[in-house]
Amino acid sequence: MEIDADKSLSSNTPALRLKPASLYPAPTVFTKGRGLPKAVGASAPSVAKNRNDGEFNVVIDLQKTVNTVGPRYVGVTLDSSVFRRRWQDFDVNSTTLHTLVKGLAPSLFRVGGSAADFFIFNTSDPRGEDFNDDYEDAGGDHGASDYDYSDTGVDKPKIKNYTVTGEEWERLNYLVQVAGWDLIFDFNEFQRQDGQWDPNNARELLKFSQKHNYNIPFFQLGNEPNSYYHNFHFSIEPGQLAEDMQKLRSLLSEFPAYSRSYILGPDVTKVTEGSGRAYLQAFLQNGGQDVVSATTLHHYYFNAKSRGASLKDFINTTILDTLKDELSIGTNISHSLAPDLPVWLSETSSVSGGGLEGVSTAYVAGFMWLDKLGLSALYGLKAVLRQCLYNGNYALISQDFTPYPDYFLTLLYKRLVQGPVFNVTSSTDKVRVYANCANPSLYPRGALTVYVLNVKDKPTTVKFPQFSNQMYALYILTPGDEDGLKSAYVSLNGKKLELVGEDLPPTPALMRSGPVTFPAHSFGFVVIPQAEVGLCNSA
């Protein structure tokens, strides 16, 4: 059967075997050029003619879909370093936190990243002096481990592994249960013996988890293996990783609670570069496609520390468009070598290395996030997991559990978007438009959601000639205060979004007809409740 990111998977879910590739919508392949790119090999609608750059028509091809996204298409992550930091300042009993995580349900929830490869489970460990607060979190600046690398012929790294107690593992699973999320857990690939993965520590964690009836539908092994040599000065070959994952599959078969859980991989990064592309190809060619149930990739637009990033990069359409090559190469490799496998972004955000302080948690970060969700849907991806829920300068919530603008953007996306994805034409790359069926839990079947990003520094008026006589439900997002693009707040239809005590704020639509004006540097959603799109009626 098909692995389904859009259903809550229990331990009784049948494992593996996916539906034939012919039943998946083919990913859209794009050509380069101005504007939202034209589809190759499909009869994409022609670009609308407009009277001026500030006003244009949007035409949507509603006769066919390019993908289908479900309620778990947008997921979140938590870096495994939360264990290294001993859940510092992260109170899983907080009712505010509970409100925030429940608001994003249902959701996939990946716990992994760089720190996953230093995770040691020990129910009896009283926590010694292995905590190192200088450790760099996931996304490109990595620490190292005290694992004995004598087999590799390289110097032993200096930073120690860290141990995780049963009580700390219980905290994570309590949070998962409160949220109603589906856990993806990333095992430590650096536990090795005789050049192979040593499953003994993973076995202890699975014993503990099964005893406590913890539901873990997905597992991974290792993080960004194509970067191991660069970050840690040793390598694990793609074929060996595939063998290690087969050993993980055998291990899972020992536990009735997890014998039907899925394995995801290989979590490579930067497939536009030689190492990432080559690793993904070799992994799938050397047994990987037979053990994983989804091809998983990581993506960041750039590293803030190495590039000297700035706020303007977040509204630079040339940078936004670099994602197209990543998605095109990643999906083409996966579909050509493993046509049965769906493709996920299992870890992704704007800026690697922990984010850009004061920017990647600000309002402006929404341009990269919303555009990524739109492009990923067009390229056929089945899941996009945001790095991260908490901690780091790209988190969705602050250390005191105040939601950042991207939290509310994610909340609205999950509430408003679900089902078939459609091709759209737009007249300029600075006004980026995507279309999807509306979420039937909020709007009638047949309703359509169009989401628009106005990257320009002046207002833009959008018309929908296919629905010119309809009423529209508008959800337009703008900066929440005078800080503008760097605002730590976001406004919906002119009203600042903030928690009401410990509750989420109301998010009412503004009902309007006629042309829709998006202010300069704004984005949002236009729902057409009575669109009566045939392909949305049956979704």
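- In the annotation of an unreviewed UniProt entry, the entry for the protein chain reads Heparanase, and the organism field reads Littorina saxatilis.
- As its UniProt record puts it under Sequence similarities (unreviewed entry), the protein chain is described as follows: "Belongs to the glycosyl hydrolase 79 family."

**Overview of the overall build of the protein chain**
So, step 1. Each helix and strand counted, the protein chain has 12 helices and 30 strands in total.
So, step 2. Taking all 539 residues of the protein chain together, the buried fraction comes to 61%.
So, step 3. Contacts spanning at least 24 positions in sequence make up 79% of the contacts within the protein chain whose residues lie at least 6 apart.
So, step 4. Summed over its atoms, the accessible surface of the protein chain is roughly 19,800 Å², and 47% of this surface lies on carbon and sulfur atoms.

**Some remarks on the sheet that holds strand S20 (residues 383-386)**
So, step 1. Pairing within the open sheet is parallel, and its 9 strands lie in the order S14-S13-S10-S7-S6-S20-S18-S16-S15. Lying at the two open borders of the sheet, with one neighbouring strand each, are strand S14 (262-263) and strand S15 (265-269).
So, step 2. In terms of strand pairing, strand S16 (residues 295-299) meets strand S18 (residues 343-348) through 5 bridges, oriented parallel. Looking across to S18, one finds that Leu297 is bridged to Leu345.

**A look at the packing of helix H9 (residues 317-337) against helix H10 (residues 365-378)**
So, step 1. For the pair H9 and H10, the least separation of the axes is 10 Å and the interaxial angle reads 30°. In terms of their interaxial angle, H9 and H10 are classed as roughly parallel. Between H9 and H10 lies a crossing whose hand is right-handed. Taken together, the residues of H10 that come into contact with H9 (itself represented by Ile319, Leu320, Leu323, Lys324 and Leu327) are Phe367, Met368, Asp371, Lys372, Leu375 and Ser376.
So, step 2. Broken down by class, the residue content of the contact of H9 with H10 amounts to 7 nonpolar, 1 polar and 3 charged.

**Some words on the sheet that holds strand S29 (residues 516-518)**
The strands making up a sheet associate through backbone hydrogen bonding, with each pair oriented either parallel or antiparallel.
So, step 1. Ordered by their spatial adjacency, 3 strands build an open sheet running S3-S24-S29, and the pairing between neighbours is mixed. Each end of this open sheet is capped by a strand with a single partner; those strands are strand S3 (55-57) and S29. Pairs of neighbouring strands in the sheet enclose a mean axial angle of 25°, with direction left out of account.
So, step 2. With 3 bridges connecting them, strand S24 (residues 460-463) and S29 associate as antiparallel partners.

Parameters and conventions
- Residues numbered from 1 in each chain as written.
- Predicted model: local features only at pLDDT ≥ 70, side-chain atom pairs only at ≥ 80, totals over all residues.
- Heavy atoms only, no water.
- UniProt positions renumbered as here; feature names shortened; annotations may be inferred.
- Helix = DSSP H or I, 4+ residues; strand = E, 2+ residues; numbered from the N terminus.
- Buried < 20%, exposed > 50% of the residue type's maximum accessible area, 1.4 Å probe, protein only.
- Contact = heavy atoms within 4.5 Å.
- Areas by Shrake-Rupley, 256 points an atom, 1.4 Å probe, with all protein chains shown as cover.
- Pairing = 2+ DSSP bridges.
- Axes fitted to C-alpha atoms, helices over the stretch in contact; angles between N-to-C directions.
- Parallel < 35°, antiparallel > 145°, perpendicular 65-115°, else oblique.
- Left-handed = near helix turned anticlockwise from the far one by under 90°.
- Nonpolar A, V, L, I, M, F, W, Y, C, P; charged D, E, K, R; others polar.

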